[in-house]
Structure formats: C-alpha cells, structure tokens
Amino acid sequence: MTCFIRRLGATLLLPASFAAIAADSADLGTMTVTASKSERPVAEIAATVTVVDDEEIARTLSESIRDMVRYIPGVTVPFQGQRFGLAGFNIRSLGGNRVQVAVDGVRIPDGFAIGDYSNASRNYIDTDSLKQVEILRGPASSLFGSSALAGVVALTTRDPADWLAETGNDVTVRTRAGYYGADEGWVASGTLAARGERLSGAIQWVERSGNELDNAGETGGTGPTRTKPNPHEYDGRNILAKLLLDEGTDNQWRLTLEHNETDSETDVLTLVRTQDFSAMFGFPYIVETTSLSGDDGTRRRRVSIDYQARQPGWADHFSWQVYYQDALTEQETFESRNTIVYGQPAPVYRFRRAEFEQEIVGTEAIARWVFNTGQVEHDLVGGFEVFETRTEQRRDGFERDLTDGSTSTTVGPDDFPVRDFPNSTTLEAGLYLEDRIAFGERFRLIPGLRVDYYDLDPELDPIFVGDNPGFEPVDIEETSVTPRLGAIYTLTDQLDVFAQYARGFRSPPYNDVNVGFTNLQFGYTAIPNPDLDPEESRGWELGLRGRGGWGHFSLAAYRNDYDDFIESFVSLGVDPETGLLVFQSQNLTDVRIEGIEAAATLNLGSLTPALDDFQLRSSASWSDGENLSGDVPLNSVEPLTGVVGLRWLPTSLPLDIELVATAVAGKDDVADPADFQAPGYVTLDLLAGWQISDASHLHLGLFNLTDREYWSWSTVRGRSASDPGLDRYTQPGFNAGISLTWQI
C-alpha cells in the first residue's frame, strides 16, 4: 500500500510497510493498566492503545501535554492562543469534556468557557512527574463511565521505587534543568526519594517560567491585524509527594499529595482597537479599547489514599482508592476604553473576574479473578466507583467612569455578579464487569458491561436568582447501560487480529441542563432543558498486530457514530409573551467519524547486520468525519498525518539520535467554504541524547529544522480565510530545547 501526502504540489511517499496510517507508539509488550483496569500487555487489548513512558517523555523533550502527543497522529492538544493556552486532548477528532482525563485514577476538572474573558481549560498536568501515559482510543464507557465518549487519557505519576530504580540505591537525589526556545521557557526540578524496611517516600518540586509562544508573524502594533504573539509571561509549579507502606509486597498502602498551579499575565494587544458601531445604532457611535490585559491563574490540589493486595484470599488481586481534589481557575481582565457618541468621549475603566471551581471526592474498588470453567479460562475484572462533584462558576466586575469617578456593576450586557448556571452537585456511581474468556490458545472473547447512575442537583442562590428571576432549575436522575464486546484471534505466533464493538455515553452537563441568563438590554434569555438526553456513541474497530525480532506493527480501521450531541444556546425564536429571543441547549447533532490508524517499528538489523544500530519508526492517521445533522464536514477532524523517524542507538557509544519527519496534508473539507483551509506541510526534528556519566544525562532537541511556516489545524479550525491576523496562529519556526538531568 502506498500513502501519498500532498504538500504544495509536491508528494511525500512513505514506505509501504510503515505508512499504513496509524498511531501506536508503544511496543506490543508494553504493559497497560488503563485499557482493561488490570495490568496486561498492549497485545492483549482488543482496541488501539498508545503507551508513552517516562523515558520517551524525556527523550522527546515533552514539557507539556501538547509535546507528549507531538509524534502521535490521531491525538492532538489544541492551542487557544497566548492567554488561554492548551485546551485539552482531542482523540480521533473529538475533544473537550468528551475525553476522560485522569491522573492516578482521579479525573481532572472539566473545561468551561463563556464569552471572551472566561475560559477554564484542562491543562493541570506537569510532565516531569509522570511515569506513564496511556491513551485509549474510541468509546470506553463500559469501564470508565460518563465522559469516556471519545476515549481516555490516563496519566500515572512516579512512585519512590521509580526514582530509586535509576540508581539502585536506598536514597536518591535528582535534579533537572532545561531551556526551550519556542517560548523562552525554563524548567528546574528537584526530587528526593528514599526507602527503609517498610516505608518509602518521595517528594518532587518542579518550577517553570516562560513567555509567549513564538510564531512566524511579523506585524506588530495593536488590533486584529497584529500577527506577532501577544506579550505573555507565566510561571508555575508542581509538587508531588508520596509515602508508601510495604512497597512491593502483597499488601501495599500509598498516600499521594499533589499541588499544581500556574499564573500568567497577558497584554492582549490584538483586542486594543477602534470599532465603529454607527451603522448598527443609526448615529455616530465609536468604541475605542485603549488597553486590555489579563491576569490568570489555575490551581489543582489532590490527596488520595490507595491500597493494593495480591492474593487476598477471596480474589487474585484487589485495589481500592479514596480521593479528594479541588481545582480553581481565576481569570481577571483589565480594560480601558472610550465610547464616543456624537463626538463626545466617555472614558471608562472595566474590571472583570471569572471563577470556575470543581471539587470532587470519590472512591473506586477493583478486583480480579482468574479461574477455569471446564476447558475455558476466565480472567474476570469487576469494580465499582462512586464520586461526587461540586461545580461553582461566577463572573464579577465593575465599570468606573473616568470623568466623574462613579462606579457601576453593570458592564455591557452583564449586571454583576452573575452565574451562568446554578451551583451544581453531581453524584455518579458505576458498577462494571469485564471477562477475558480464552477458548484454547488462539481465541479470546472479551465481553464487558457497565451500569451507571447519574444524579444532578442544582442549587439556587441569591446571585443566580437575582439574574434569573422565576428560573425553575432542573434535577436529572438517569441510569445508563454501556456494553462492550471484544475478540482477539491469534493467527500465528507473530500475528493477531482483533475486533471490538463498544458503547460510550456522556451525561447531560450541568451548564447545558440549567443554563440561565436574561438580558433585557439586548432582548434575549436562556432557559433550562429538562429533556436533554445523554450523548451516546457506538464504535466498531478491526485491527491487525504483528511482532517478531524484526520489530512490530499495528493496523486498525474504525468507525464511531455519535448521537444526540448537545448544542448550547440553540435559538428557539421570540417568546410572544415576553418579546425575548429564547435560547436553549438541545440534542441536535449526530456525527460519524471513521478512519485508519497504524504504526510500525522496524529493527533495520533484521535486514542487514550493517544496520544493527538503526531503527525505523513510523505512524500515520487518516480520518473522515461528517456532521450528519447538517450534512457538512466535521471541522474537528484532523488532516491526514504521518510521522517517520530514523533512530540511531550505537551499542558502542552512550548516544541516542533520531531524525523525525512529520507530514500533514492540507485541509480542504471544511464546514464553511469561507473558513481558512490550512495548507499541508512537512517539518523535520532532530532529537539527541547523551549519557554523559552514570549520574548525568543530556537531552537535546532541534525542532522545525527548515524553519517551515505552517498552521496546526486544531489551532485555526473555524477561523475565516479573510482574517487579517491568520499569521498569528502559525507555529514556532526553528527552535531548540535542552534538558540536563543529574542523579545520585
């Protein structure tokens, strides 16, 4: 099979045996815990799973969640601009809160955005503390419940034993420092780990700072024509502490404390502009924004206790966890503006503050039994989880008249303080079972089933009632059943075929069920919807895997159908009684996404001994998506992407060097013909590692070696082709990164 990626009339030919459209960066023998809620090799999973370990994170200089998926086609992390940063993971062309993301089994908070000054993203993760990242693609609610509609990203942090394994000592000290030219970012971390007879512990502190992400824009100044990045500064830290009792024994207890925070300041020069609304109002009316800046912060704190028992007597393995997590996003906007009506200026100062907070407390228990019924072997995993989430959102602010000094809490259409939905508490409980049934040596059938209970309880408070008089909140109580059926058949000792059918769902979100606000000034209102149904998905996947001394490969084709997507703020027309334009969230959209993914690693020494030190790795992903309700292409679908890397690992030298080419096709199937269609591109990166001594290791990365100007589709999708600031969304040109680790 030959795969062509077109770039500006040129054609990139990927080797037939490797470019089979894919994305599994893990060796098939790599162990995964997420995909089956129990530890087993990737080759035993009837689905596509990508596993990235800490060595790969360090080798590729992955300092953010976006860097971690840089070479994984089919998985992206959209960049929302300098102020709001990284949005969260997108798997097989769906993202946001439709992808479940968890750290050590604890779900990270939802994302939430409304308006231009409130955007809580899902970037609460520091890569330096991670031991492993597992990405399960496609519907996964049979094990993970609500929000696993598009897939799961499970991140596991390091234990004391992981730090100590680097030296083999009972006490270790590790430091790391790095610099990254793309945003002039610095990172410094320190770790102390130790173990005794029964106790082991570790504490890690990571500090980061940097500036705006570079791009290819050359136009400065202010307003929408500015293409240089907005000035931006950030600093953050991540603290991880663990204490383990009887680590490595049959009965182990673990206490984890985690604190992650980031603060940033942005001078939003692109919103410093003059707008003429005279045609709208019918008289001379001009608004000048003379300055606008943002001061934003995020914080996530977690404490968890977990217990693991091997062979407790009533099961082969048992694990239990209880946890508490609190996350807060605070965003402050400072604006100076001047309204000129009939030539008379009215200068004002505006302050806005947006808060979004989620608290979650929960528990999960998992047990595993291995047994036979006659000639049939069973590997049964069962568990339950219960968690309660408290969500609060608030916007506040004021406007000060700079002429007479008067202050008002009415800013534009808002009469602060406001809530865009009531404070809400959701209780979710799930019970699940999955059995791996082996019929002889070759065939394994994997049925699974999960039952979920969901209860949404909104609370009215004076702030929300004051902004929404007469509002009737909606309680939701639902039960969902999601099955899964997988199968693996061993064709030969080196070749397996797998297939699966899986269901997914996402409960109606609190902010869509009870969205509420009334704006009498502009004549519109939003009302709740008690009849919202869960979003659902049905996924089919068929794949082939091979392995041997020559390397390994995987190839998978999939189709996912998504029903009852919830669209926010759908216009229902004008209410004849009130005269207000009415908006309501509704189940409107049905989506279909299908595609092919594959990956291959070839040890070139299997072709000739002269190439014993070389390895060729490649992956690619192609997908096609359609909004069936509107019969238009799905904008979130990424273009055809391929990655090829030639790696040199000389046995006689402490070196590791890889040249990586990433090729992306142009995007021409967009929902609106007026949208910008990003052209295709090819970039080259050079990764190098040097084991200087037993105690020190150096990693170097040279990215975009040809200084290619290009756009990432996830960053520009939906933007107009006539946008004068398109170059502001270009990616960094040639840049370098370096990281030095020292450990004793």
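Our subject is the structure that appears above.
Thresholds applied
Sequence order as written defines residue numbering, which begins from 1 separately in each chain. At least 70 in pLDDT is required for a residue's local features to be given in this predicted model, at least 80 for side-chain atom pairs to be given and counted, and no such filter applies to totals for whole chains, interfaces and linings, which use all residues. In computing side-chain properties, one takes all heavy atoms of the structure into account and sets aside hydrogens as well as water. Numbering goes from the N terminus for both helices and strands, where a helix is a DSSP run of H or I of at least four residues and a strand is a run of E of at least two. Under the rule applied, a polar contact is a pair of N or O atoms within 3.5 Å (in protein, one hydrogen donor and one hydrogen acceptor; residues adjacent in sequence only if both atoms are side-chain atoms). Every residue pair with non-hydrogen atoms within 4.5 Å of one another is taken to be in contact. Nonpolar cores are built from buried Ala, Val, Leu, Ile, Met, Phe, Trp, Tyr and Cys residues. Side-chain atoms within 4.5 Å join them into one set. For each residue, the accessible area found with a 1.4 Å probe, counting protein chains only, is set against the maximum for its type, and the residue is called buried under 20%, exposed over 50%, and partly exposed in between. Two strands qualify as a pair provided DSSP detects at least 2 bridges between them. Aromatic contacts are taken between Phe, Tyr and Trp rings whose centres are within 6.5 Å, Trp giving its six-membered ring; a plane angle under 30 degrees counts as stacked, one over 60 as edge-to-face, and the others as tilted. A ring is considered to have a charge above it if a Lys NZ or an Arg CZ atom is located within 6 Å of its centre and within 35 degrees of its normal. Two joining distances apply to patches: 9 Å for like charges and 5 Å for nonpolar side chains (Val, Leu, Ile, Met, Phe, Trp, Tyr), and every residue must have over 30% relative accessible area and no salt bridge. Each accessible area value is a Shrake-Rupley result obtained with a 1.4 Å probe; residue values ignore everything except the protein chains displayed when judging cover. We define a salt bridge as a side-chain nitrogen of Lys or Arg found within 4 Å of a carboxyl oxygen belonging to Asp or Glu.

Asker: Which parts of the structure should I look at to understand the side chain of Glu399?
Answerer: Considering the arrangement of structural elements, one finds Glu399 in strand E24 (residues 376-401). Separated by 2.5 Å, the side chains of Glu399 and Arg350 make a polar contact. Setting aside chain neighbours within four positions, we find Glu399 in contact with Val348, Tyr349, Arg350, Ser406, Thr407, Ser408, Thr410 and Val411.

Asker: What's the story with the nonpolar core in this structure? I'm lost.
Answerer: Looking at soluble globular proteins, one finds that nonpolar side chains tend to be buried together. One finds Phe89, Val133, Val153 and Leu155 to be the most contacted residues of the largest nonpolar core, which totals 34 residues. Of all hydrophobic cores here, the second largest spans 15 residues; its members include Ala35, Val42, Ile45 and Ala148.

Asker: Which parts of the structure should I look at to understand the sheet that holds strand E9 (residues 99-103)?
Answerer: Strand pairing in a sheet is mediated by backbone hydrogen bonds. Such pairs are either parallel or antiparallel. Overall, mixed pairing links the 5 strands, which are arranged E5-E13-E14-E9-E10 in an open sheet. Single-partner strands in this sheet number two, and they are strand E5 (49-53) and strand E10 (106-107). Both E5 and strand E13 (residues 130-137) contribute to a ladder of 5 bridges, which runs antiparallel. Bridge pairing in E13 links Val51 to Glu134.

Asker: Just checking my understanding: could you explain the packing of aromatic side chains for this structure?
Answerer: When we look at a pair of aromatic rings, we describe it by the centre distance and by the angle of the planes. With the rule as written, the count across this model stands at 26 aromatic pairs. Linked through ring pairs, Trp253, Tyr307, Trp314, Phe318, Trp320 and Trp369 together constitute an aromatic cluster. The cationic tip of Arg92 hangs over the ring face of Tyr558; the distance from NZ or CZ to the ring centre is 3.9 Å. Positioned above the aromatic ring of Tyr729, the side-chain terminus of Arg719 is 3.9 Å from the ring centre.

Asker: Just checking my understanding: could you explain a nonpolar patch on the surface for this structure?
Answerer: Taken together, the side chains of Leu199, Leu243, Trp253, Leu255, Leu257, Val303, Ile305, Tyr324 and Val361 make up a nonpolar region of the molecular surface, amounting to roughly 720 Å² of accessible area. When residues of the nonpolar patch are traced back to their parent elements, those giving at least two are strand E19 (251-267) and strand E21 (285-310). Here the element with the most residues in the nonpolar patch is E19; it accounts for 3 residues. Along the chain, Tyr324 turns up in strand E22 (residues 317-341).

Asker: Help me out: how do you make sense of unusual backbone geometry in this one?
Answerer: With the exception of glycine, the majority of residues adopt a negative phi angle, and the majority of peptide bonds are in the trans configuration. Geometrically, the link from Phe416 to Pro417 is a cis peptide bond, its omega value of -5 degrees lying close to zero. Tracing the chain through its elements places Pro417 in the loop between strand E27 (414-415) and strand E28 (423-439). Although it is not a glycine, Ser147 adopts a positive phi angle of roughly 85 degrees. Topologically, Ser147 is positioned in the loop between helix H3 (141-144) and strand E14 (151-157). Located in the positive-phi region is Asp707, a residue other than glycine, with phi close to 55 degrees. One can find Asp707 in the loop between strand E42 (696-703) and helix H8 (713-716).

Asker: Explanation requested: the pairing of strand E36 (residues 581-603) in the structure shown.
Answerer: Look at any regular strand and the pattern is simple: side chains alternate between the two faces of the sheet. For strand E33 (residues 524-527) and E36, the ladder comprises 4 bridges, and the chain directions are parallel. Note that in E36 the partner of Ile527 across the bridge is Gln584. With 19 bridges connecting them, strand E35 (residues 551-574) and E36 associate as antiparallel partners. Across the sheet, Ile566 pairs through a bridge with Asn587, a residue of E36. With antiparallel pairing between neighbouring strands as the criterion, E35 and E36 make up a hairpin whose turn holds 6 residues, including Gly579 at a positive phi of roughly 75 degrees.

Asker: Which parts of the structure should I look at to understand the pattern of salt bridges?
Answerer: Should the charged atoms of two oppositely charged side chains come close, the side chains can pair. For the structure on display, the rule yields 59 salt bridges. For the salt bridge of Arg40 with Asp379, the shortest nitrogen-to-oxygen distance reads 3.2 Å. With Arg40 in strand E4 (residues 40-41) and Asp379 in strand E24, this pair connects stretches of sequence that are 339 residues apart. What makes Arg40 buried here is its relative accessible area of 3%. For Glu658, the salt bridge is made with Arg59, and the minimal N-O distance between the two is 2.7 Å. Residue Glu658 is found in strand E40 (residues 655-664), and its partner Arg59 is found in helix H1 (residues 54-59); the two are separated by 599 residues along the sequence. The burial state of Glu658 is the same as that of Arg59; both residues are buried.

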